[in-house]
Amino acid sequence: MEAFYLILIIVLFILAISDLVVGVSNDAVNFLNAAVGAKASSFKIILMVAAFGIVIGATFSSGMMEVARKGIFHPELFYFSEIIILFLAVMVTDVILLDMFNTYGMPTSTTVSIVFELLGAAVAVSTIKIFTDPNALHLYEYINSAKAMAIISGILLSVFVAFTIGIIAQYLSRLFFSFDYSHRMKKFGPVWGGLGIMAITYFMLIKGAKGASFMSAELIVSITENTEMLLLGSLILWTVILYLLNNFFKVDILKVLVLVGTFALSMAFAGNDLVNFIGVPLAGLNAYQLYAASGTLGSEYLMSGLAGQVPTPTILLLIAGVIMVVTLYISSKARSVVQTSLDLARQDEGRERFASSLLSRKVVRSFNTLATSVNGRLPKSWKNYVEKQFDQTAFIARQVQYKEDTPPSFDMIRASVTLVTASILIAIGTNLKLPLSTTYVTFMVFMGASLADRAWGRESAVYRVTGVLSVIGGWFFTALSAFIMAFLVACVFYFGGIAGIAGMVLLAGYLVYRTHRYHKERMDEQEAYEARLTDGEMSKVDVIHLFSEHLETFLNHFSTLIQQSIDALGKEDLKSFRETLKAFKPIQDKLHLLKMDASQVLDGVSDEELEVGHLYMLVVDYLHEMSKGVRSILKSNFDHVDNQHKPLLPVQIEELKNIHELLIDRYKTSILIFKRVDLEEAEALTSSLYTVLKATRRARKNQIKRIQNHEVGTRNSHLFLNQLSEMRNLALFANRIVDAYKDLFLSKDKNGESTYATLVEDIKNGSTHKSK
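Residues numbered from 1 in each chain as written. Predicted model: local features only at pLDDT ≥ 70, side-chain atom pairs only at ≥ 80, totals over all residues. Heavy atoms only, no water.

When you go through the protein chain residue by residue, the secondary structure sums to 28 helices and 0 strands. The buried share of the protein chain, reckoned over its 772 residues, is 51%. Partitioning the intrachain contacts of the protein chain with sequence separation of at least 6 by distance along the chain shows that 85% fall at a separation of at least 24. For the protein chain, the accessible area works out to roughly 35,100 Å², and carbon and sulfur atoms hold 62% of it. (Helix = DSSP H or I, 4+ residues; strand = E, 2+ residues; numbered from the N terminus. Buried < 20%, exposed > 50% of the residue type's maximum accessible area, 1.4 Å probe, protein only. Contact = heavy atoms within 4.5 Å. Areas by Shrake-Rupley, 256 points an atom, 1.4 Å probe, with all protein chains shown as cover.)

The next thing to look at is unusual backbone geometry. Positive phi, close to 65 degrees, is recorded for Ser 178, a residue that is not glycine. By secondary structure assignment, the location of Ser 178 is in the loop between α7 (145-177) and α8 (182-206). On the basis of relative accessible area, Ser 178 is assigned to the buried category, the value being 9%. Within the chain, Lys 250 stands out as a residue other than glycine whose phi angle is a positive 55 degrees. Of note, Lys 250 is situated in the loop between α10 (227-248) and α11 (253-294). A relative accessible area of 69% places Lys 250 in the exposed class.

Inspection of the entire model under this criterion finds 14 salt bridges. One salt bridge connects Lys 585 with Asp 589, and the closest N-O pair in it is separated by 2.9 Å. Here Lys 585 pairs with Asp 589, and both are found in helix α21 (residues 574-596), just 4 residues apart, close to one helical turn. A relative accessible area of 34% places Asp 589 in the partly exposed class. When salt bridges that share partners are traced, they join Arg 174, Arg 398, Asp 411, Arg 414 and Asp 453 into one network. (Salt bridge = Lys/Arg side-chain N within 4 Å of Asp/Glu carboxyl O.)

Mapped onto the fold, Leu 469 is located in helix α19 (residues 461-533). Overall, Leu 469 belongs to the partly exposed group, its relative accessible area being 32%. When the C-alpha positions of Leu 469 and Leu 359 are compared, they lie 8.9 Å apart, and in sequence the two are 110 residues distant. What Leu 469 contacts, discounting residues up to four positions off in sequence, is Leu 359 and Ser 360.

Turning our eyes to something else, we now look at the packing of aromatic side chains. In the structure shown here, the tally under the stated rule is 23 aromatic pairs. Where Phe 80 meets Tyr 291, the ring centres are 4.4 Å apart and the plane angle is 5 degrees; that geometry is what we call stacked. With a gap of 211 residues between them, Phe 80 in helix α4 (residues 80-103) and Tyr 291 in helix α11 connect regions that are remote in the sequence. Each member of the pair, Phe 80 together with Tyr 291, is buried. A ring pair is formed by Phe 179 and Phe 395, whose centres lie 6.1 Å apart and whose planes are at 55 degrees; its orientation type is tilted. Residue Phe 179 is found in the loop between α7 and α8, and its partner Phe 395 is found in helix α16 (residues 393-400); the two are separated by 216 residues along the sequence. With a relative accessible area of 1%, Phe 179 lands in the buried category. On the basis of relative accessible area, Phe 395 is assigned to the buried category, the value being 3%. Sitting over the ring of Phe 179, Arg 174 keeps its end group 3.8 Å from the ring centre. (Phe/Tyr/Trp six-rings, centres within 6.5 Å; stacked < 30°, edge-to-face > 60°. Lys NZ or Arg CZ within 6 Å of the ring centre and 35° of its normal.)

Let us now look at the environment of Ala 121. Position of Ala 121 among the secondary structure elements: in helix α5 (residues 110-132). According to the relative accessible area criterion, Ala 121 is buried, its value standing at 0%. Considering only alpha carbons, one finds Ala 121 and Phe 73, 48 residues apart in sequence, at a separation of 10.0 Å. Residues contacting Ala 121, with those up to four places away along its chain left out, are Leu 86, Ala 89, Val 90, Ala 486, Phe 487 and Ala 490.

Moving on: helix α25 (residues 679-687). An α-helical segment advances 3.6 residues per turn. Residues three or four places apart therefore align on the same side. Among the residues of α25, those classed as buried are Ala 682, Leu 685 and Thr 686. For α25, the angular spread of buried residues about the axis comes to 95 degrees, placing them on one side. (Arc of directions from axis to C-beta.)

As a further point, take a nonpolar patch on the surface. Judged by side-chain polarity, Leu 232, Ile 236, Val 240, Tyr 243, Leu 244, Phe 248 and Phe 249 come together as a nonpolar surface patch covering roughly 730 Å² of accessible area. Structurally, the position occupied by Phe 248 is in helix α10. (Patch = residues over 30% accessible without salt bridge, like charges linked within 9 Å, V, L, I, M, F, W, Y side chains within 5 Å.)

Next up on the list: a positive patch on the surface. On the surface, a cluster of positive charge is contributed by Lys 694, Arg 697, Arg 698, Lys 701, Lys 705 and Arg 728. Residue placement: Lys 705 occurs in helix α26 (residues 690-708). (Lys, Arg positive; Asp, Glu negative; His and termini not counted. Charge placed at Lys NZ, Arg CZ, Asp CG, Glu CD.)

Here we come to the packing of helix α2 (residues 43-58) against helix α12 (residues 314-330). For the pair α2 and α12, interaxial distance at closest approach is 8 Å and the crossing angle is 160 degrees. Judged on the interaxial angle alone, α12 and α2 are roughly antiparallel. As for the relative orientation of α2 and α12, their crossing is right-handed in sense. The residues of α12 that touch α2, namely those facing Lys 44, Leu 47, Met 48, Ala 50, Ala 51, Ile 54, Val 55 and Ala 58, are Leu 317, Leu 318, Gly 321, Met 324, Val 325, Leu 328 and Tyr 329. In terms of residue class, the contact of α2 with α12 is built from 13 nonpolar, 1 polar and 1 charged. (Axes fitted to C-alpha atoms, helices over the stretch in contact; angles between N-to-C directions. Parallel < 35°, antiparallel > 145°, perpendicular 65-115°, else oblique. Left-handed = near helix turned anticlockwise from the far one by under 90°. Nonpolar A, V, L, I, M, F, W, Y, C, P; charged D, E, K, R; others polar.)

A word on the confidence of the model for the protein chain. The predicted model of the protein chain averages 81 in pLDDT, with 81% of residues at 70 or higher. Mean pLDDT across the secondary structure elements of the protein chain bottoms out at helix α3 (residues 66-71), with 58, and peaks at α26, with 92. Scored below 50 in pLDDT, residues 767-772 shows 14 contacts in the model against residues more than four places distant or in partner chains. (pLDDT = per-residue confidence, 0-100.)

With respect to the secondary-structure elements, Glu 726 resides in helix α27 (residues 714-746). Of the side chains with opposite charge, Arg 728 comes closest to the buried, unpaired Glu 726, at an N-O distance of 9.5 Å. Those residues in contact with Glu 726 that lie beyond four places of it in its chain are Gly 629, Ser 632 and Ile 633.

Relative orientation of the contacting elements helix α9 (residues 217-225) and α10 amounts to 70 degrees, with a least axis distance of 5 Å. Between α9 and α10, the angle falls in the class roughly perpendicular. Across from Ile 223, Thr 224 and Glu 225 in α9, the residues of α10 making contact are Thr 227, Glu 228 and Leu 230. Classifying every residue of the contact of α9 with α10 gives 2 nonpolar, 2 polar and 2 charged.

This brings us to the side chain of Thr 580. With respect to the helices and strands, the residue Thr 580 is situated in helix α21. Residue classification places Thr 580 among the buried residues on the basis of a relative accessible area of 4%. Setting aside its immediate chain neighbours within four residues, Thr 580 contacts Leu 561, Gln 564 and Leu 634.

This part takes up the environment of Ile 85. You can see Ile 85 is positioned in helix α4. Residue class for Ile 85 comes out buried when judged on its relative accessible area of 13%. Sequence separation between Ile 85 and Val 492 is 407 residues, and the spatial gap between their C-alpha atoms is 9.7 Å. Residues in contact with Ile 85, not counting those within four places in the same chain, are Ala 490, Phe 493 and Tyr 494.

This is the structure:
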């Protein structure tokens, strides 16, 4: 059996590598969002700084490793054969769970996941012992409930503390510096930066030194005894350095502070969160070494050795740090998770990732009422001063400078406050041996600073609050799902033996591979879409090609979905209905994004081409309205069958198909008109609208006759007449799109000449003449 257990240890370390990859992809948001959002430097430089911090911070993790070995359960009460199953269940669950969150770009807590996975697996193994061993103890005796509750309460408390301190720190900083901070930064910048870096130095080095694997006891004592002198020296040294850099080399003090903060936060992340990825495999290795040296059976050897202090080799920590650094450079999922935080924290308005919800509206309304009440009691002079300091005119002016590049999501003041505050809080948790969630702390500091900085204005507050609540809800889901999944996986391993272990490991590998492919396809599509929106100034031809593509894509989708729905209605096929509705959801979401991003497209249209921009707005607007009609058709058909109402008569299905065929023909002709700029065909198409209207009128009269003859009931009539009405509306909107297109090319300037006569050949030839 020793060889089998050795194989399991190897599997544990393979899973550890995978866990490092998926874990860093999720936790990259913790130390990258501030520097990336404020554009403190190029993305490569930011990654280099973060990578250096990770490697150094990895060696500070040694003291945290005991959490995985004895933080959640009492290892001395478990046999080696049980411990190894417990650890393996934790690692398989962690890989699957974190990869799922990464795929959907949702930041979650690797600390919470590992804690609840250990708890779930330990409860599973303990429960099995209780039911199979007559001499077993009670469940609460196997679980280190005091330590587990301290960890869980510490994590939850950190959410409230981080959010509150983030608000206070950012509010006071903005009140002092304002958005137009250049003048005060010249006077107080070196001292501000010196204080920030001093705080980081104190918590990263002085307080964190005792956890480092490479520091001797004598060195740690020496550092502790000279804390005050080191702090004073750090403050003076960094103040002088920043003063010289700013005054003689024109280096931006805030950029230096943000990059140092990025280093510190990535270092804190590695020091605090490395245990989440390799703590369990290292505990498994320690357990195996103790078992191998004992010479007894795994089912008879109690793991008392894990309850003591076990040093962690520095080389293993460094290897883990290197793996995290490589992942940081190559992971596209890390960028997805970072983008979620930036979307919720950016200073300006725009496309919101999350929709409004009832809870978010109530929260925003309550806080608006409270703010109005408080503001009414403040002195007018104080209110005027606050308004002056929070005036965003200077920030908006800086944003305009980024014409052909994405502007910063927020300024350097907020980035520096976020980094320094989060670094201090996480370092405190690390030194108290309390594995605070770096995700919870950094995210809530980030959100608190955003709220204090008035980034959540009237136009965006409900969407941002929904986003924050969604992420927090995801954290609770992490805890619950981690516990349940680890519990079930441990049971499968225990009762399934070798087959169960092999099957679950292969399943984990397959799920990671599948989600990787899904994420890559989604990101490729998103990048292509973003490239079209941000590709500099757009010519008339570019804009027309863009909405021609949209028209062809969506009209084809509408045709296919309605045809499938009518077929499913005739067959009363609920499975087909569900597939159709599922296929419609991403189409509707994409149209919503097009509508939200229309202003971004129009930003790239020159003043001379406003008519083309207006046409783009009309096309997107009409397509959006058509999508509502398509959804009405799909949903009403589904509801009719799902509610077990009587099916439509075959003649009714035939009438719907005939009208839809007319629509399909018109869609195809419309697409060709846009591609060929065939104005004669456009005139003929718009003039022939009566054919569709006549067909719907005829079908409506037939339905009235069926009602009079008592051939159909109320539900039947409601559904059928709704279909006719929506198809008529689809024809009208499609007609309006062609009408608007035709009117563009028939428009005349003040001299009576065709405004866009030369454009026709350009479109047919596919030339772009893009302005630079």
